[in-house]
Amino acid sequence: MKILITGVAGFIGSTLADRLIYQGHEVHGVDTFETGREENLNADVLFTEQDIGRGIDGDPELIIHCAASYKDPDQWRFDVGTNVDGAINVARLAKHVNARIIYFQTVLPPISSYAISKIAGEHYLRLSGQPLTVWRTALHQKRPYLHLGDAIRALTFIMEKNLFDKSVYNVLTTNSTVNDIVEVIKSYVPDIKVEYVDSRIMNQLSYTVSADKFKSLGFSYKGTLRDGIEETVKLLA
């Protein structure tokens, strides 16, 4: 299958590209390298450096839309280019070439569990010697988290089962608190310092989501919170 991945140099996009190329698919990809890394790219990806907010072209059979922009609160207006205009351009291309789309969406109401997981699982490891910063008001709030391996398995499951039924599925490994993540990180990085800070506003308290609808199709989750953090620590060590 001819597949186009947006955000192909990112964490999820690049891992997905590796899997699909291994399975024999023809993988095309676009990225701007604003957050993605050129060294993540598989040499067999047919790559174009392109801002999807300005447009996107090609003739794929399937578009997997991984690209996303996440700025700090004072720059959210720049997210519109990728997250809104980009999604519109992906939809237009899909309609033009009659391609299918797999689209990643955050759970609703819109609060960034991704941003919290980045703080608690990956970003602090890049900042050698810096403390792990945690919002005190978020410490015991639950959020849904998805192991990267489960994300890739879910996507290939959809493709293999041809589940392009216009349905919305929750795909998650676990509902966990930020404190759960902090404690697992501390078990792998015992000398990490944790700095608790007060945020000015938290616009959403704890919530959990159910993955039962997707499980009922025959999909099983294999990842765990501990496995995901251990893999990230080893990757960034």
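Shown above is the structure to which this text applies.
Residues numbered from 1 in each chain as written. Predicted model: local features only at pLDDT ≥ 70, side-chain atom pairs only at ≥ 80, totals over all residues. Heavy atoms only, no water.

## Quick look at the side chain of T156
Okay, so step 1: Topologically, T156 is positioned in helix α4 (residues 148-161).
Okay, so step 2: The buried category is assigned to T156, whose relative accessible area is 6%.
Okay, so step 3: T156 has contacts with R19, L20 and Q23, leaving out every residue within four places of it along the chain. (Helix = DSSP H or I, 4+ residues; strand = E, 2+ residues; numbered from the N terminus. Buried < 20%, exposed > 50% of the residue type's maximum accessible area, 1.4 Å probe, protein only. Contact = heavy atoms within 4.5 Å.)

## Observations regarding helix α1 (residues 11-22)
Okay, so step 1: Its 12 residues place the ends of α1 17 Å apart at the C-alpha level, agreeing with the 16 Å of an ideal helix rising 1.5 Å per residue.
Okay, so step 2: Residues of α1 that are buried include every one of G13, S14, L16, A17, L20 and I21, and no others. Angular distribution of buried residues about the axis of α1 spans 160°; they occupy a single face of the element. (Expected span 1.5 Å × (residues − 1). Arc of directions from axis to C-beta.)

## Quick notes on the sheet that holds strand β3 (residues 46-49)
Okay, so step 1: The five strands are arranged β3-β2-β1-β4-β5 in an open sheet whose pairing can be described as parallel. In this open sheet, the two edge strands, each paired with only one partner strand, are β3 and β5 (100-103). If you compare each strand with its neighbour and ignore which way they point, the axes differ by 15° on average.
Okay, so step 2: Of the pairings in the sheet, the one linking strand β4 (residues 62-65) to β5 comprises four bridges and is parallel in character. Bridging from a neighbouring strand, I64 pairs with I102 of β5. (Pairing = 2+ DSSP bridges. Axes fitted to C-alpha atoms, helices over the stretch in contact; angles between N-to-C directions.)

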